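Working through the structure, step by step
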Amino acid sequence: MTTPGAGGPRTFDVIVIGAGPAGENAADHAARAGLSAALVEAELVGGECSYWACIPSKTLLRTGHAVAAARRLPGVTADVDPGAVLARRDAFVHDWHDDSQVQWAQAAGITVLRGYGRLAGERTVQVDRSDAVERELLRARHAVVVATGSVPKRPPVAGLDTVRTWSSRDATAAKEVPRRLGVLGGGVVGSEMAQAFARLGSAVTLVHHGPRLLPAMEPSAGERVATAFREEHIDLRLEQSLDEVSPAPDGAIRLRMGIETVEVDELLVATGRRPDTDDVGLGSVGLTPGEALDIDDSGLVTGVDGEWLYAVGDVTGRAPLTHQGKYEARIAGAAIAARSIGEPLDTRPWGEHAAYADHVAVPQVVFTDPEVGFVGRTEAQARAAGMDVRVVELEIAVAGSSLQADGYSGIARMVVDESRGVLVGMTFVGQDVAEMLHAATVAIAGEVPMHRLWHAVPAFPTISEVWLRLLETYRAQVS
């Protein structure tokens, strides 16, 4: 049954498909600009990050990290209660209810529509209600924003479809801690969940085809994390392929790697994600379903006539991180508002309507222990971009780190573009380094000259004093 509404489709200034963090922010910034906004969501308002990714995964990790940090200090006794950790996770995800998120949206003046949204032609969105009976057409005066996120990739492993597997959602929503956990994939999700469950009591086997964990990061980052995993007795299988998966007795799962087999009770498949565009109606506007939505820096989708279709977040494939999706949404919201009243856009690098940071200043934290904080370009990426690169890498060995933990171990790696004299990449690895990352992000986004950074004095005694050591070493090299 189609319910177009009295007099035809309901009309809004802006319609957002997908109510994850990026979609919420796009709708919010449209509403703040005085535009009417509708938010269409088939699952939970708040999306993947709030209920199945960032928030629950970090909750599962936090207690184990706190216990490990406490044990690095003399005179402290601490342990992990897995049941309490799972209960805290449930509290953070509100037992997978989104009432508070819906209330926030409504208070912000956003209309929340439950159902599956897809494009149905220019400026038109079809909403299929969850009961698959009612259907409604919506019309946008100014913009439709696609913010449908991403979905897991599934590798072509023999027998994988013959056994139950965990996706990242299953891992973060687990009701019990498995005795034996297999993890396929050594990227961010695989690494974080391997350590989270190891510290909750699972015997973990992690299989990764590449030579190091966290392959998108600087090599030293993955190496440090791998060392920590081995010290915690995580069975780390690097440069190995999972050749076959099959059912084993008593409901277990058998993993075959060459001539060796390992049995686990659950298998987490964490081999990456791809933009979720298979069924959002791209064909109705001349685009190819299943592909990432290519956007300009204002968020406008390329290859579509007119200035009305936008995309933000993972669906673009640009910088698939929650904070970058929210950033893109803020930029797109400002661009939509400006275009709605005929104002010219400032799309120059670092302009008001350009998500330029997507290209040069994307921060990311991997919440393993040691933590990995990274922003900008790796050395390899900077050299590939043709920069005149100078790299400084030091152990984090300052008064602040010594006070933070006995036997503190960490590294700081700085990548400088010598032709401009500015920082273009920074990596920190170590306990409690995540909160140091924003200083590097500010330096890179602000293109602060190295000679000016010399005057940014780190407080004593903090771990951030490593900045002084990096700059001293850099100045000694160039003098």
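Residues numbered from 1 in each chain as written. Predicted model: local features only at pLDDT ≥ 70, side-chain atom pairs only at ≥ 80, totals over all residues. Heavy atoms only, no water.

This next bit is on the pattern of salt bridges. Counted according to the given criterion, the structure contains 40 salt bridges. Between D28 and R32 there is a salt bridge whose closest N-O contact spans 3.1 Å. One end of the pair, D28, and the other, R32, are both in helix α1 (residues 21–32), four residues apart, so they sit about a helical turn from each other. Look at D28 and you get buried, because its relative accessible area is 8%. As a salt-bridge pair, E472 and R469 come within 3.0 Å of each other at their nearest N and O atoms. With E472 and R469 both in helix α15 (residues 466–478) and three residues apart, the pair spans about one turn of that helix. Among the charged side chains, a salt-bridge network with shared partners connects E218, E379, R383, E393 and R413. (Salt bridge = Lys/Arg side-chain N within 4 Å of Asp/Glu carboxyl O. Helix = DSSP H or I, 4+ residues; strand = E, 2+ residues; numbered from the N terminus. Buried < 20%, exposed > 50% of the residue type's maximum accessible area, 1.4 Å probe, protein only.)

This part covers the packing of helix α3 (residues 54–71) against helix α7 (residues 188–200). Between α3 and α7, whose axes approach to 9 Å, the crossing angle comes to 55°. Considering their axes alone, α3 and α7 lie oblique with respect to each other. The two elements α3 and α7 cross, and the hand of that crossing is left-handed. Together, S57, K58, L60, L61, G64, H65 and A68 of α3 and E192, M193, Q195, A196, F197, R199 and L200 of α7 make up the contact between the two elements. (Axes fitted to C-alpha atoms, helices over the stretch in contact; angles between N-to-C directions. Parallel < 35°, antiparallel > 145°, perpendicular 65-115°, else oblique. Left-handed = near helix turned anticlockwise from the far one by under 90°. Contact = heavy atoms within 4.5 Å.)

Summed over all chains, the structure comprises four aromatic pairs. With centroids separated by 6.0 Å and ring planes inclined at 65°, the aromatic side chains of F428 and W467 adopt a geometry described as edge-to-face. With F428 in strand β21 (residues 422–430) and W467 in helix α15, the pair connects residues that are 39 residues apart, well separated along the chain. On the accessibility criterion, F428 (0% relative accessible area) is buried. Given the relative accessible area of 10%, W467 is considered buried. Just above the ring of W52 sits the side chain of R169; from NZ or CZ to the centre is 3.6 Å. Its end group placed over the ring of W454, R475 keeps NZ or CZ at 4.0 Å from the ring centre. (Phe/Tyr/Trp six-rings, centres within 6.5 Å; stacked < 30°, edge-to-face > 60°. Lys NZ or Arg CZ within 6 Å of the ring centre and 35° of its normal.)

Let's shift gears to helix α8 (residues 219–231). Under the 1.5 Å per step criterion, the end-to-end length of α8 is 19 Å for 13 residues, consistent within 8% with the ideal 18 Å. Along α8, the residues classified as buried are S220, A221, G222, V225, A226, A228 and F229. Count one or two residues on from α8 and you reach H233, which has phi positive near 65°. (Expected span 1.5 Å × (residues − 1).)

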